[in-house]
Amino acid sequence: MRTHLRGKSSAVKYALSFCLLAMTGPQVASAADSAIAKKWIEHEFSPSTLTKQQQMDEMAWFAKAAEPYKGMSIRVVSERIDTHWYEASVLAKAFTEITGIRVIHELTGEDDLVKKLQTQMRTGENLYDGYINDSDLIGTHYRYQAVVPISDFLEEQDSPIVLPTLDIDDFIGLSFVTGPDGIIYQLPDQQFANLYWYRHDWFSRPDLQAKFKAQYGYPLAVPKNWAAYEDIADFFTNHVKELDGKRVWGHMDYARVDPSLGWRMSDAWLSMAGAGDVGRPNGLPVDEWGIRVIGCQPVGATVKRGGALNGPAAIYAVNKFLEWMDRFAPPEARSLNFTEAGEWVGKGQIAQQIFWYTAFTAAVSKPDLPVMNADGTPKWKIAPTPHGAYWDEGMKLGYQDAGSWTFMKNTPEKRRNAAWLYAQFTVSKTVSLKKTMVGLTPIRLSDIMSQAMTKKSPELGGFVEFYRSKGRDVWTPTGTNVPDYPRLSVLWWRHISDAVSGKLTTTQVMNNLAEAMDDELAYIAAREDMICKPVLNDPKPESYWLEKPGAPKAKRNESPKGETWSYEEALSKWD
Amino acid sequence: MGLITHCRNRLAQRYPGRVSCRKAMYSFVCGFAVMLVSLSLQAKESLSLVTFLERPLVDQQGSDVHGVLIDVVKELMRRSGIDYTLNLAPPKRALVIARTTSKHCVFPIERSQEREVFFQWITPILISRHGLYSHPDRDIPLMTLSDARPYTLGSYLGSGVGEYLESFGFNVDYASRNDLNAGKLAKKRIDLWASDTISAKYLAKEDRFNLKAPELVFFTTVRAMGCNLDVDHRMVDTIQDVLFGMYKDKTIAKIYEQFDQSP
């Protein structure tokens, strides 16, 4: 078994790599290349954690490494968020000018992107030379072995196409893109978390604090558990009702029936409730999808096979999603999808949202929004997500999206190598801090700890503080228990929609969903050529599993007393 | 797909969770018989396919519907062993028919997030690249899509790609049909024509307009066949498997070569 390179790269090695670049870089770059690189460094790639000379050395390396590929035109694709728009319109142009490799960087919806990747896997048609694909597919890539692992690039000694200053240990999301075999399959390009969003200004008002304390018996602050979230939601929706002449709501969500309804669940909602097992990034042997594994082989999602998808915790999670939508959210919430709901908090009528993607940070930081102060600081903050009644210490507590460079084996090698150079360019230290400031999707620890981020942090409502805390390792993407993300992820919205419409009870829906997941696991095992295939456990009485420690967990008290803590306590918990 | 693999799939579909490929109890003979029964059942069921004019991919002369996409679908249905009928309808009507009528499928449609829930999907029926074309007398160099920001882009009503460009804030001028855009570009009423590369080449030729290579090929679409939710999912799976096979054995590429219409 191969091992990946994490740990091989040390600070000394990294410093030496810069020395090497400093010695060789300027000698190999032509005067014209240097002038172009200098233009981009001076006018665009600032701030950076590198000195200007180090940036010049990196750009000289790219110009030299790209020589065999000069004149080629390559095509890559990513989802359409601000970070990727910056790459497609600025970084692609810079790379083309500096290296002579033309890059067409397409943007599309995440759903379409996954289907395109699946199309290339299944047909052998080279649609793209590189994909920025969510690491949620790590279990798929590991099992199908259809992608070229990043480890393969990195392990080649003295490779002319591996950036010596890539500094792989600087990437904060490396565990998300690593298979059970220790191999790195993808390279993180951007990350954003799903966190708790709340109106810090409202929560700080003495009149509201006193009223809340009198009514619920504990302070109005960041909720530690779902019981407190529910109390706060009730407080604002049903008791405060109006602030500054505007109707206000204690909760926001979305439930339109489309694939994004599936993400509402599969993006780790069940982990927040506590459905899976202890262990990060995803819980072992049962992950937050409720899928149990033995070794690397999925053995079932139903409780009767040792899974947790129709266990008490999963049913509780979906029940709370529906109950809060009906009791506390604006009536429009049911007809919104993920994108529409994410920006809704900017209207100034929402007190808190338990399931909120930080990818919307820039969108709700616009100066003219009612959620912003006149000095450019936000009235809101983001904080760690409260946990449900089944959550235990040592578990993950929510979702993080890690869009990551992914290269298919069926892409012609020369095209793939050229795309790999572009990929490294988009995450190089020369450009990554500027990209992070534009899109707020950090991937490098060096960027997060930079002075530029310190200076920016008052404008970002706790975003920087979260990424500087160890919480960044507790909110994690879908993991390796899921053997075929494209096939299995569609089951979520197809079944949850029956609960949203009221056609079936939550228990019926989760039973159906768990059975469908087992059926699909069996189908995949019978049909697909993959390693670590699912092998379903024989069914046993549910009590057999529920009486054992860990997931699936037996029914607990789902209405404990609400607990809150200060924003600072919520963050320091993870340090 | 091998015979045994196919058999296993059919068994797994019918008895999910109860079948393991590794179980020796399912002998080759038993499996072969099941497959034959399955195929013969499928052969008895038929599908009604609905499509719409999209020259040169789907064209009509009198009652004859033809084009490269029709050849692809004919071969696909032949290999799947499924009886079918093929009818033309206007695009929106075709979508409604397949969405609301059992045993109907429509092609070639874009598989969007909004449409996902209304159909069962067989994909890719068509992979298209979309380009931005300038007038032959006027070069508009584009390195990235954002370079097209200052210009008026010509598209047509109902085009997903036109809507895609508009969603990014581009200035899109819609014609009622794509073939009108060749004339608009010739008269410089639009700066750039946004079209899939196969249609642009064909429509410009028909218009006797000397179209240059696109300034930028900026987007790829994958179009599908959408089948009514009541269509037997095993039939959908079978057609899907056959389609993947037609890409892998280069049948699709050969059909396109015959029409000289590689994207």
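Residues numbered from 1 in each chain as written. Chains lettered and ligands numbered in written order. Predicted model: local features only at pLDDT ≥ 70, side-chain atom pairs only at ≥ 80, totals over all residues. Heavy atoms only, no water.

## As for the pairing of strand β2 (residues 102-108) of chain A
Residues and elements named next belong to chain A.
Inference 1: Taken across its 7 residues, β2 has 6 buried, putting it largely inside the fold.
Inference 2: Pairing of strand β1 (residues 73-79) with β2 involves 7 bridges; the strand directions are parallel. Note that in β2 the partner of arginine 75 across the bridge is isoleucine 104.
Inference 3: Following the chain from β1 across helix α4 (residues 82-99) to the adjacent parallel β2, one finds a crossover that is right-handed. (Buried < 20%, exposed > 50% of the residue type's maximum accessible area, 1.4 Å probe, protein only. Helix = DSSP H or I, 4+ residues; strand = E, 2+ residues; numbered from the N terminus. Pairing = 2+ DSSP bridges. Right-handed = clockwise from strand over helix to strand, strands pointing away.)

## Some words on the nonpolar core
Residues and elements named next belong to chain A.
Inference 1: Grouped together as the largest cluster of nonpolar side chains are 172 residues, with contacts concentrated most on Phe236, Trp269, Phe321, Ile496 and Met517.
Inference 2: Here this core gets 11 residues from one element, more than from any other, and that element is helix α13 (residues 312-328).
Inference 3: Residues Tyr69, Ile132, Leu187 and Leu421 belong to the second largest nonpolar core, which totals 49 residues. (Core = buried A, V, L, I, M, F, W, Y, C linked by side-chain atoms within 4.5 Å.)

## Some details on helix α5 (residues 110-123) of chain A
All names here are of chain A.
Inference 1: Compared with an ideal rise of 1.5 Å per residue, which puts 14 residues at 20 Å, α5 spans 20 Å between its outermost C-alpha atoms and is within 8% of the ideal.
Inference 2: Counting buried residues in α5 gives 13 out of 14 residues, a clear majority hidden from the surface.
Inference 3: One or two positions beyond α5, positive phi appears at glycine 124, with a value near 80°. (Expected span 1.5 Å × (residues − 1).)

## Quick notes on the packing of helix α3 (residues 68-80) of chain B against helix α8 (residues 233-248) of chain B
Residue and element names in this part refer to chain B.
Inference 1: At a minimum axis distance of 9 Å, the contact between α3 and α8 shows a crossing angle of 120°. Our classification of the angle between α3 and α8 gives oblique. For the pair α3 and α8, the sense of crossing is right-handed. In contact with Val72, Glu75, Leu76, Met77, Arg79 and Ser80 of α3, α8 contributes Thr238, Ile239, Val242, Leu243 and Met246.
Inference 2: Residues of the contact of α3 with α8, tallied by class, amount to 7 nonpolar, 2 polar and 2 charged. (Axes fitted to C-alpha atoms, helices over the stretch in contact; angles between N-to-C directions. Parallel < 35°, antiparallel > 145°, perpendicular 65-115°, else oblique. Left-handed = near helix turned anticlockwise from the far one by under 90°. Contact = heavy atoms within 4.5 Å. Nonpolar A, V, L, I, M, F, W, Y, C, P; charged D, E, K, R; others polar.)

## Quick look at the pattern of salt bridges
Inference 1: Taken as a whole, this structure holds 51 salt bridges over all chains when the rule is applied.
Inference 2: Lys93(A) is the salt-bridge partner of Asp147(B), the closest N and O atoms lying 2.5 Å from each other. Of this pair, Asp147(B) sits in the loop between β6 (120-133) and β7 (152-156) while Lys93(A) sits in helix α4, on two different chains.
Inference 3: Arg55(B) is the partner of Asp179(B) in a salt bridge, and the nearest nitrogen-oxygen pair spans 3.7 Å. (Salt bridge = Lys/Arg side-chain N within 4 Å of Asp/Glu carboxyl O.)

## Side note on the interface of chain B and chain A
Inference 1: Taken together, the contacts link 40 residues of chain B with 41 residues of chain A.
Inference 2: On inspection of chain B and its partner chain A, the count reaches 3 salt bridges.
Inference 3: Of the charged contacts, one joins Glu116(B) and Lys115(A) as a salt bridge, the two residues approaching to 3.5 Å between their closest N and O atoms.
Inference 4: For the side of chain B that touches chain A, the elements supplying multiple residues, two or more each, are α1 (3-14), β6, α5 (160-167), β10 (216-227) and α8 of chain B.
Inference 5: Among the residues forming the side of chain B that touches chain A, the class breakdown is 18 nonpolar, 9 polar and 13 charged.

## Topic: the environment of Lys39(A)
Residue and element names in this part refer to chain A.
Inference 1: Considering the arrangement of structural elements, one finds lysine 39 in helix α2 (residues 31-43).
Inference 2: Sequence separation between lysine 39 and glutamate 106 is 67 residues; the distance between their C-alpha atoms is 25 Å.
Inference 3: Those residues in contact with lysine 39 that lie beyond four places of it in its chain are Glu44 and Glu97.

## Topic: the packing of helix α20 (residues 485-501) of chain A against helix α21 (residues 506-527) of chain A
Residues and elements named next belong to chain A.
Inference 1: Here α20 crosses α21 at 160°, and the two axes come no closer than 10 Å. Classified by the angle between their axes, α20 and α21 sit roughly antiparallel to one another. For the crossing formed where α20 meets α21, the hand is right-handed. Here α20 contributes Arg487, Leu488, Leu491, Trp492, His495, Ile496, Asp498 and Ala499 to the contact with α21, which in turn contributes Val509, Met510, Asn512, Leu513, Ala516, Met517, Glu520, Leu521, Tyr523, Ile524 and Arg527.

## Some words on the confidence of the model for chain B
Inference 1: For chain B, per-residue confidence averages 84 on the pLDDT scale, and 82% of positions sit at 70 or higher.
Inference 2: Below pLDDT 50 for its whole length, residues 1-38 of chain B participates in 46 contacts with residues either more than four positions away or in separate chains. (pLDDT = per-residue confidence, 0-100.)

## Focus on the side chain of Gln349(A)
All names here are of chain A.
Inference 1: Secondary-structure assignment places glutamine 349 in the loop between α14 (338-344) and β10 (352-357).
Inference 2: Looking at glutamine 349, its side chain comes within polar contact range of the main-chain oxygen of arginine 247, at 3.1 Å.
Inference 3: Not counting residues up to four positions away in its chain, the partners in contact with glutamine 349 are Trp202, Lys246, Arg247, Val248, Trp249 and Trp344. (Polar contact = N/O pair within 3.5 Å; in protein donor to acceptor, adjacent residues only side chain to side chain.)

## Looking at the state of the cysteines
Inference 1: All told, the structure shown has 2 disulfides over all chains when counted by the stated rule.
Inference 2: Between the sulfur atoms of Cys296(A) and its disulfide partner Cys532(A) the distance amounts to 1.6 Å. A torsion of -70° about the S-S bond marks the disulfide between Cys296(A) and Cys532(A) as left-handed. One end of the pair, Cys296(A), is in the loop between β8 (292-294) and β9 (297-300); the other, Cys532(A), is in the loop between α21 and α22 (542-546), and 236 residues separate them in sequence.
Inference 3: By relative accessible area, which is 15% here, Cys532(A) ends up buried.
Inference 4: Disulfide partner of Cys105(B): Cys227(B), at an S-S distance of 2.1 Å. On the S-S bond that ties Cys105(B) to Cys227(B), the torsion sits near 105°, and the link is right-handed. Note that Cys105(B) is positioned in strand β5 (residues 104-110) and Cys227(B) in strand β10, a separation of 122 residues in sequence. Each member of the pair, Cys105(B) as well as Cys227(B), carries the same accessibility label: buried. (Disulfide = S-S within 2.5 Å.)

## Some points on the packing of aromatic side chains
How two aromatic rings sit relative to each other is given by the distance of their centres and the angle of their planes.
Inference 1: Summed over the entire model, instances satisfying the criterion amount to 51 aromatic pairs over all chains.
Inference 2: Over the ring of Trp565(A) we find Lys224(A), and its NZ or CZ is 4.7 Å from the ring centre. (Phe/Tyr/Trp six-rings, centres within 6.5 Å; stacked < 30°, edge-to-face > 60°. Lys NZ or Arg CZ within 6 Å of the ring centre and 35° of its normal.)

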